[in-house]
Amino acid sequence: MRQEKLLNLIGQIDCKFIDEANPMNQKKNMYWIKWLTAAACLVIGVFGILFGQNMYAKYNTEVSYICLDVNPSIELCLNHQDKVINAIAYNEDGKKLLGMIEHKNKHYEDVINDILHHEEFQKYLTEDLTITIVSEDENIMRQNIEDCFDVVQCDGEIVCSDSETREVAYSNHCSVGKYVAYEELAQYDSSVTLEDCKEMTMHEIHEKIDAHHSEHNSYNDEQHNAEHVGSHHSEHH
């Protein structure tokens, strides 16, 4: 009985080796190996393409904006790595300056330093320079830009705005910094238009705002003095 089982087992092993040694079966095995290899390569390739596309899309997504306004009005569009992936000139002076500055794929601090040091921009530094930040990292950016000011030894105002205001400004082909200044001026002078402000330098807009501030403060002082005199007379009566 044991001998029969042993012979059957040996027979099965022999059949298995014979079957595997069969050229037809070897060809089938090679076919499946090639197919599985090709399928694996295809899956890896698809995932590689999708990953690459996702990284490319992420790199080219604008998440922050920095606007420089004197007379040149320039907007730097930044990605999540704080690199400049696009730059917009909102007037002819800005367009001329951007044509002289290498900005693509550079860190915004390097670009701002290059702009502030450029001889074409230097002639505007005697006027009002306003830099407007639109970013979730506005505090860090403010400090970094202040450091840029220290290096160049220039003065400038740094303000922050929001993405909604920036979108409105952009849709009107205006820098967000100049748009914010226009909104402030329009509070005192309803006759002024955005188109008027787009033709002004930041210094001219600020001069008008300061004039209205002075006028408003003088009026308040006169009112205060009149009330003081009135109350003084009432006390004597």
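Basis of the calculations
- Residues numbered from 1 in each chain as written.
- Predicted model: local features only at pLDDT ≥ 70, side-chain atom pairs only at ≥ 80, totals over all residues.
- Heavy atoms only, no water.
- Helix = DSSP H or I, 4+ residues; strand = E, 2+ residues; numbered from the N terminus.
- Buried < 20%, exposed > 50% of the residue type's maximum accessible area, 1.4 Å probe, protein only.
- Contact = heavy atoms within 4.5 Å.
- Salt bridge = Lys/Arg side-chain N within 4 Å of Asp/Glu carboxyl O.
- Core = buried A, V, L, I, M, F, W, Y, C linked by side-chain atoms within 4.5 Å.
- Phe/Tyr/Trp six-rings, centres within 6.5 Å; stacked < 30°, edge-to-face > 60°.
- Lys NZ or Arg CZ within 6 Å of the ring centre and 35° of its normal.
- Disulfide = S-S within 2.5 Å.
- Expected span 1.5 Å × (residues − 1).
- Patch = residues over 30% accessible without salt bridge, like charges linked within 9 Å, V, L, I, M, F, W, Y side chains within 5 Å.
- Areas by Shrake-Rupley, 256 points an atom, 1.4 Å probe, with all protein chains shown as cover.
- Lys, Arg positive; Asp, Glu negative; His and termini not counted.
- Charge placed at Lys NZ, Arg CZ, Asp CG, Glu CD.
- Pairing = 2+ DSSP bridges.
- Axes fitted to C-alpha atoms, helices over the stretch in contact; angles between N-to-C directions.

Re the overall build of the chain
- The helix and strand inventory of the chain stands at ten helices and five strands.
- The proportion of buried residues among the 237 residues of the chain is 32%.
- In the chain, 51% of the contacts between residues at least 6 apart in sequence involve partners at least 24 apart.

Quick word on the pattern of salt bridges
- On inspection of all chains with the given rule, the structure shows seven salt bridges.
- One salt bridge in this structure joins Asp114 and Lys106, with 2.7 Å as the shortest N-O distance.
- The partly exposed category is assigned to Lys106, whose relative accessible area is 26%.
- One salt bridge in this structure joins Lys123 and Glu120, with 3.2 Å as the shortest N-O distance.
- For Glu120, a relative accessible area of 13% gives the class buried.

Quick look at the nonpolar core
- Counting 30 residues, the largest nonpolar core has Ile66, Leu76, Leu129 and Ile145 as its most contacted members.
- For this core, the secondary structure elements donating two or more residues are β1 (64-69), β2 (73-78), β3 (84-89), α3 (92-98), α4 (108-117), β4 (130-134) and α6 (138-152).
- When near neighbours in sequence (up to four residues on either side) are disregarded, Leu129 contacts Asp69, Val70, Leu116, Phe121, Phe149, Cys154, Asp155, Gly156 and Glu157.
- Within the second largest apolar cluster, 20 residues are counted, among which are Cys77, Ile88, Val176 and Leu185.

Digging into the packing of aromatic side chains
- By the definition in use, this model includes one aromatic pair.
- Geometrically, the ring pair formed by Tyr179 and Tyr182 is tilted, given 5.8 Å between the ring centres and 55° between the ring planes. Of the two residues, Tyr179 and Tyr182 both sit in helix α8 (residues 176-188), three residues apart, roughly one turn of that helix. Residue Tyr179 shares its accessibility class with Tyr182, and that shared class is buried.
- When the ring centre of Tyr65 is taken as origin, the NZ or CZ atom of Arg166, which lies over that ring, is 3.8 Å away.
- Geometry around Tyr170 places Arg166 over its ring, the cationic atom sitting 4.6 Å from the centre.

Digging into unusual backbone geometry
- One non-glycine residue, Asn105, adopts positive backbone phi at about 65°.
- By relative accessible area, which is 38% here, Asn105 ends up partly exposed.
- In this structure, His173 is a non-glycine residue whose phi angle is positive, near 50°.
- Mapped onto the elements of the fold, His173 is located in the loop between α7 (163-171) and α8.

Things to note about the state of the cysteines
- Under the counting rule described, the total for this entry stands at zero disulfides.
- The cysteine Cys77 is free of any disulfide, with Cys67 supplying the nearest cysteine sulfur at 7.9 Å.

Focus on α6
- Relative to the 21 Å expected for 15 residues at 1.5 Å per residue, α6 spans 21 Å between its end C-alpha atoms, a close match to the ideal helical length.
- Taken from the residues just after α6, Gln153 is the one with a positive phi, measuring 60°.

Quick word on a negative patch on the surface
- On the surface, Glu157, Glu184, Glu204, Glu207 and Asp210 cluster together into a negatively charged patch.
- Take the negative patch: its biggest share by element is three residues, from helix α10 (residues 202-236).
- According to the relative accessible area criterion, Glu207 is partly exposed, its value standing at 47%.

Some points on the sheet that holds β1
- With mixed pairing, five strands are arranged side by side in an open sheet as β3-β2-β1-β4-β5. Among the strands making up the open sheet, the edge pair consists of β3 and β5 (157-160). Direction aside, the axes of adjacent strands within the sheet are offset by 20° on average.
- Pairing geometry for β2 and β3, over five bridges, is antiparallel. Considered in β3, the bridge of Glu75 is made with Ile88.
- Running over the sheet, α8 touches β1, β2 and β4 and is turned about 70° from β1.

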